[in-house]
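Close look at the chain arrangement
Spelled out, the chains give:
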Amino acid sequence: MTTSKQPIIDIQDLVTYYGSRKVLDGINLKIFPGETLTILGRSGCGKSTLLRHIIGLSKPTGGRIFIKAQDITTLSEEDMLPIRRKIGMLFQGGALFNSMTVGDNVALPLREHTELEDSTIKIMTRMKLDQVGLAGFEDFLPSQLSGGMKKRAALARAIAMDPDILFCDEPSAGLDPIVAVGIDNLILKLKKAFRMTIVIVTHELESVYLIADRVALLDEGKIIALGTVDELKNSDNPKVQQFFRRIPDPEKIDKDSYLKSLIGETDE
Amino acid sequence: MELVVFEKQNAAILKIVGDVDLYSSPQVRKKILALMKKKTENLLVDLDGVSYMDSSGVATLVEALQLMKKRRGKLKLFNLRPAIRDVFELSRLDKVFDICEDENQAMAAISEG
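As a starting point, this report considers the structure included with it.

Parameters and conventions
- Residues numbered from 1 in each chain as written.
- Chains lettered and ligands numbered in written order.
- Predicted model: local features only at pLDDT ≥ 70, side-chain atom pairs only at ≥ 80, totals over all residues.
- Heavy atoms only, no water.
- Contact = heavy atoms within 4.5 Å.
- Buried area = accessible area lost by both parts, 1.4 Å probe.
- Salt bridge = Lys/Arg side-chain N within 4 Å of Asp/Glu carboxyl O.
- Polar contact = N/O pair within 3.5 Å; in protein donor to acceptor, adjacent residues only side chain to side chain.
- Helix = DSSP H or I, 4+ residues; strand = E, 2+ residues; numbered from the N terminus.
- Nonpolar A, V, L, I, M, F, W, Y, C, P; charged D, E, K, R; others polar.
- Buried < 20%, exposed > 50% of the residue type's maximum accessible area, 1.4 Å probe, protein only.
- Axes fitted to C-alpha atoms, helices over the stretch in contact; angles between N-to-C directions.
- Parallel < 35°, antiparallel > 145°, perpendicular 65-115°, else oblique.
- Left-handed = near helix turned anticlockwise from the far one by under 90°.
- Pairing = 2+ DSSP bridges.
- Right-handed = clockwise from strand over helix to strand, strands pointing away.

**Remarks on the interface of chain A and chain B**
- Residue-level contacts link 20 residues of chain A with 19 residues of chain B.
- Summed over both sides, the interface between chain A and chain B buries roughly 1,500 Å², with carbon and sulfur atoms accounting for 59% of that surface.
- For the pair chain A and chain B, the number of links is two salt bridges.
- Ionic pairing is found between R195 of chain A and D86 of chain B, a salt bridge with its closest N-O pair at 2.9 Å.
- At the junction of chain A and chain B, the tally comes to seven residue pairs in polar contact (both at pLDDT 80 or more).
- Taken together, the elements giving at least two residues each to the side of chain A that touches chain B come down to α3 (102–113) and α4 (118–131) of chain A.
- Examining the composition of the side of chain A that touches chain B, we find that eight residues originate from one element, α4 of chain A, more than from any other.
- Broken down by class, the residue content of the side of chain A that touches chain B amounts to seven nonpolar, five polar and eight charged.

**Quick word on helix α1 (residues 47–54) of chain A**
- Among the eight residues in α1 of chain A, six count as buried, and that is most of the element.
- Taken together, the buried positions of α1 of chain A are occupied by K47, T49, L50, L51, H53 and I54 of chain A.

**Regarding the packing of α4 of chain A against helix α2 (residues 55–70) of chain B**
- Two elements in contact, α4 of chain A and α2 of chain B, have axes separated by 9 Å at closest approach and are oriented at 110 degrees. If you check the angle between α4 of chain A and α2 of chain B, you find them roughly perpendicular. Crossing of α4 of chain A against α2 of chain B: the hand is right-handed. On the side of α4 of chain A, the interface is formed by S119, T120, I123, M124, M127 and K128 of chain A, while α2 of chain B contributes S55, S56, V58, A59, T60, V62 and E63 of chain B.
- Split into classes, the residues belonging to the contact of α4 of chain A with α2 of chain B amount to six nonpolar, five polar and two charged.

**Let's talk about the sheet that holds strand β9 (residues 214–219) of chain A**
Residues and elements named next belong to chain A.
- Within the open sheet, the six strands sit side by side as β6-β7-β8-β3-β9-β10. Their pairing is mixed. Both outer strands of the open sheet, β6 (87–90) and β10 (222–227), are each paired with one neighbouring strand and no more. Geometrically, the sheet is characterised by an average inter-axis angle of 15 degrees between neighbouring strands, direction not taken into account.
- Examined bridge by bridge, strand β7 (residues 165–169) and strand β8 (residues 197–202) share five bridges and lie parallel to one another. Across the sheet, the residue bridging to I165 is T197, located in β8.
- Of the strands in this sheet, β6 and β7 are in contact with helix α5 (residues 147–158), which crosses β6 at around 165 degrees.

**Some points on the environment of K59 of chain A**
Residue and element names in this part refer to chain A.
- Its place among the elements puts K59 in the loop between α1 and β4 (62–67).
- C-alpha separation for the pair K59 and L24, spaced 35 residues apart in sequence, amounts to 12 Å.
- Within the structure, K59 has its side chain in polar contact with the backbone oxygen of T73 (distance 3.5 Å).

**Description of the packing of α3 of chain A against α4 of chain A**
Residues and elements named next belong to chain A.
- As a packed pair, α3 and α4 sit with axes 9 Å apart at the nearest point and diverge in direction by 120 degrees. Relative to α4, the element α3 is oriented oblique. Seen along the crossing, α3 lies across α4 with a hand that is right-handed. Here V102, G103, V106, A107, L110 and R111 of α3 come into contact with α4, specifically with D118, I121, K122, M124, T125, K128 and L129.

**Description of the pairing of β8 of chain A**
Residue and element names in this part refer to chain A.
- For β8, the tally of buried residues reaches six of six residues, placing the bulk of the element in the interior.
- With five bridges connecting them, strand β3 (residues 36–41) and β8 associate as parallel partners. From the neighbouring strand, I39 faces β8, where its bridge partner is V201.
- Once the chain exits β7 it traverses helix α6 (residues 177–194) before rejoining the sheet at β8, and the crossover so formed is right-handed.

**Some points on the sheet that holds strand β4 (residues 74–78) of chain B**
Residue and element names in this part refer to chain B.
- Pairing is mixed in the open sheet, where five strands are placed in the order β1-β2-β3-β4-β5. The open sheet has two edge strands, β1 (2–8) and β5 (98–100), and neither has a second partner. Each adjacent strand pair in this sheet contributes to an overall mean axis angle of 25 degrees, direction not counted.
- Taken strand by strand, helix α1 (residues 25–37) contacts β1, β2 (11–17) and β3 (42–49), and its axis lies near 20 degrees from that of β1.
- Where α2 meets the sheet, its contacts fall on β3 and β4, and the angle it forms with β4 comes to roughly 150 degrees.

If you want it as structure tokens, here you go:
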């Protein structure tokens, strides 16, 4: 990815604590228009926390996050709205409203944030459902859809406002491999079609191989590697190699403390 | 965004200049509805001045097409820039709309049927 372009997202020295625990530890990351960047890492490494900060749902302890050259860490909720309108978010669980039809779920951001007539919104909703392969499902309730279809519906809602940037949190989590690859292909299609910048949080290597232009590998709140899949695969960093070769952690057992835990004694 | 309408034979030509997005699409819709009220027989939309159109713009034109079809009038689009043509193709709406190269072709297309 060329670095001559201005980044659409620029994260500088981002630090965040949960209580006394440092969750993000000096993150620096530039994301360029039109690229698909995956944030990869083990469970609990800070991936989802980083995503929450980029979309402005959490405020960092330190550092700055620029979206289209605006520092969102200093923006009020009101000033954040115009930026948020051009951001699409696919949440891990889909986050569809179960009491609303699929069509009403997709139409929701348009009804909330625009002055468009309902007749226009309905046509847009059908267009979005068609784009995710759910044409004809607008009157269904989420409970009537399979897991993969729910993800597609959630994706249709995420792109309802024609976002410039689409964020996806674990898009294939909980899906079988065939459905998961279908979602990945759909994301690829949308990327090609709408030239969106896409940021995906995942720990699924198969997804990364298929869709990532670049990968940021996060470990204990730090980016330990950043580059293309090939660059990371050839990295000398043992932690990067461990991840890409899927090598489990060596088993560490302290005999005494294990025994104590079994008999119910606690360390002083 | 600017909207200019002029009449030519049995058609109204709507020239759109500027971005057609979530915030400007309602203006386009209003203008098209006003033309419908005036019983415009055929509607030609000149998109030469449009460099960006989002789904709301496309949906607005779908609505216009639906309204024109109801009254057995014709709607033709012309002068689409490549980026705008892409938007139609990606939504497979190039199959739904009659897309002409220029005004002459669009005028000829309404007399052809």
